[in-house]
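Examining the three-dimensional arrangement
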Amino acid sequence: MWIIAGTVPDPDFSLLTPALTASPDVLPRLSGPELLLPDGRNVPVERGTAALAATALQTCAALSCPPPALLLAGDTGSGSGSRSLYAWLEQALPDLAPHGLTFHYLFPDVDWHNRLLLAVQALPQTPLMVADAGFMYVAKMSGYADAYALFTPDVGELAFLADEKAPHPFYTRGFLLAEEQNIPALLARAQAHGNCPADLLIKGRADHVIHQGQTYAVVDSPSVPAMECIGGTGDIVTGLVTGLLCTGLPVAPAALAAARLARRLAAHCRPDPATPVSHLIAALPEVLPRSAGEAALLGQP
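Bear in mind that the values here come from a model prediction, so they are computed numbers and not experimental data. (Residues numbered from 1 in each chain as written. Predicted model: local features only at pLDDT ≥ 70, side-chain atom pairs only at ≥ 80, totals over all residues. Heavy atoms only, no water.)

1. Brief notes about the overall build of the protein
If you tally the helices and strands in the protein, you get 10 helices and 11 strands. Radius of gyration (C-alpha) of the protein: 18 Å, near the 19 Å computed for a compact globule of 301 residues. Principal axes of the C-alpha set define a box for the protein whose edges measure 50 × 45 × 35 Å. In the protein, which comprises 301 residues, the share counted as buried stands at 55%. Of the contacts formed within the protein by residues at least 6 apart in sequence, a portion of 67% connects residues at least 24 apart. Element-wise, carbon and sulfur atoms account for 54% of the exposed surface of the protein, whose accessible area totals about 12,300 Å². In the protein, which carries 16 positive and 27 negative side-chain charges, the distance between the mean positions of the two groups comes to 4 Å. (Helix = DSSP H or I, 4+ residues; strand = E, 2+ residues; numbered from the N terminus. Rg over C-alpha atoms; globule rule 2.2 N^0.38 Å. Buried < 20%, exposed > 50% of the residue type's maximum accessible area, 1.4 Å probe, protein only. Contact = heavy atoms within 4.5 Å. Areas by Shrake-Rupley, 256 points an atom, 1.4 Å probe, with all protein chains shown as cover. Lys, Arg positive; Asp, Glu negative; His and termini not counted. Charge placed at Lys NZ, Arg CZ, Asp CG, Glu CD.)

2. Observations concerning the nonpolar core
Counting residues in each nonpolar core, the largest one holds 61 residues, and the members touching the most others are Leu35, Leu70, Leu240, Leu244 and Ile281. Where this core is concerned, the elements lending two or more residues are strand S1 (2-8), helix H1 (48-63), strand S5 (69-74), strand S11 (214-219), helix H7 (233-246), helix H8 (251-269), helix H9 (277-282) and helix H10 (292-298). Looking at this core, the element that brings in the most residues is H8, giving 11 residues. Excluding anything up to four places from it in sequence, Leu244 contacts Thr59, Leu63, Leu249, Ala254, Ala257, Ala258, Leu261 and Ala295. (Core = buried A, V, L, I, M, F, W, Y, C linked by side-chain atoms within 4.5 Å.)

3. A closer look at the side chain of Lys140
Here Lys140 lies in helix H4 (residues 133-142). No salt bridge is formed by the buried Lys140. Its closest oppositely charged neighbour is Asp163, at 5.6 Å. In this structure the side chain of Lys140 is engaged in a polar contact, spanning 2.6 Å, whose partner is the backbone oxygen of Asp163. Here Ala166 takes part through its backbone oxygen, which lies 2.7 Å from a polar atom of the side chain of Lys140. If sequence neighbours within four positions are ignored, Lys140 has contacts with Phe160, Leu161, Asp163, Glu164, Ala166 and Asn195. (Salt bridge = Lys/Arg side-chain N within 4 Å of Asp/Glu carboxyl O. Polar contact = N/O pair within 3.5 Å; in protein donor to acceptor, adjacent residues only side chain to side chain.)

4. Description of empty space enclosed by the protein
A full pass over the atoms with the stated rule returns one cavity of 30 Å³ or more. By volume, the largest cavity is sized at about 30 Å³. Lining of the largest cavity is provided by Phe103, His113, Leu116, Leu117, Val120, Met129, Phe135 and Tyr148. Along the lines of polarity and charge, the residues of the lining of the largest cavity split into seven nonpolar, one polar and no charged. (1 Å grid on protein atoms, 1.4 Å probe; cavity = no way out; pocket = protein on both sides within 12 Å on 5 of 7 lines; lining within 4 Å. Points joined across faces, edges and corners; volume = space filled by probe spheres on them. Nonpolar A, V, L, I, M, F, W, Y, C, P; charged D, E, K, R; others polar.)

5. Topic: H4
The buried count for H4 comes to nine of 10 residues, which makes it a mostly enclosed element. Those residues of H4 that sit buried are Ala133, Gly134, Phe135, Met136, Tyr137, Val138, Ala139, Lys140 and Ser142. The inward-facing, buried residues of H4 abut helix H2 (80-96), strand S6 (100-103), helix H3 (110-121), strand S7 (128-131), strand S8 (150-151) and helix H5 (155-162). A positive phi of about 90° marks Gly143, the residue just after H4.

6. Observations regarding the packing of H4 against H5
Interhelical geometry of H4 versus H5 gives an angle of 15° and a closest axis separation of 10 Å. Considering the angle they form, H4 stands roughly parallel to H5. Crossing hand, H4 versus H5: right-handed. Between H4 and H5, the residues in contact are Ala133, Met136, Tyr137, Lys140 and Met141 and Glu157, Phe160 and Leu161, respectively. (Axes fitted to C-alpha atoms, helices over the stretch in contact; angles between N-to-C directions. Parallel < 35°, antiparallel > 145°, perpendicular 65-115°, else oblique. Left-handed = near helix turned anticlockwise from the far one by under 90°.)

Below, the structure written as structure tokens:
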């Protein structure tokens, strides 16, 4: 089982646990701009964890592999929903025994992060862990970034990872300029301070896939500048990585294939800045590979 854990911006959304998605006949499915959940609820697919989950589900459906389970909680910034998710997962991990976890928008609570990490490391087989958005922030803040298999930052978030003193991206010091040409220096600084794992997918005008601390591949074409203006396109990339990891693809090839597929999707859809991210996700089946072998070829540098 692979688990996607994150929040949705709805204070009335109560915790949805993976137990609801364990049976093949109750899997969530994407219908238009909403993610339909097994208990009858729906979540708008606009950006954030819902966009990531919808993308991963589409990817797994195309590749005929078991889809990830969803662990979702409502949180609009108070942290209460995130803490309920942390607490539930800490207790449930031994029974779930996931082989992978993708953590997304969660309130960055260092204490809860560390409790959850201890629970993960106590499992007989340590799952692969991917972190993006708020959970990537707390993973860095905790000092245990090296426990993760993959971070998926954009260039601004990479500058935060490079700042050993910043507790949040808002406080990244100004001399660490979040510009594409500074990626090598920012990456070297993040690595020197232990603030990132050995593998990263750095999202930007050119996507940089880092494997074992070294450049594995750079993807810069096709280039569709409108994608940078659409909120949620980074969530699509992390969703693609998650779906590809569900097939058993290794981390670096999965990251490279995801970067290439996101650009293939952009070229296919030709979006403008007003295009909703849900429209891009709905078009994913038109560009996704149809076999694990085809996906693996996309992951070759």
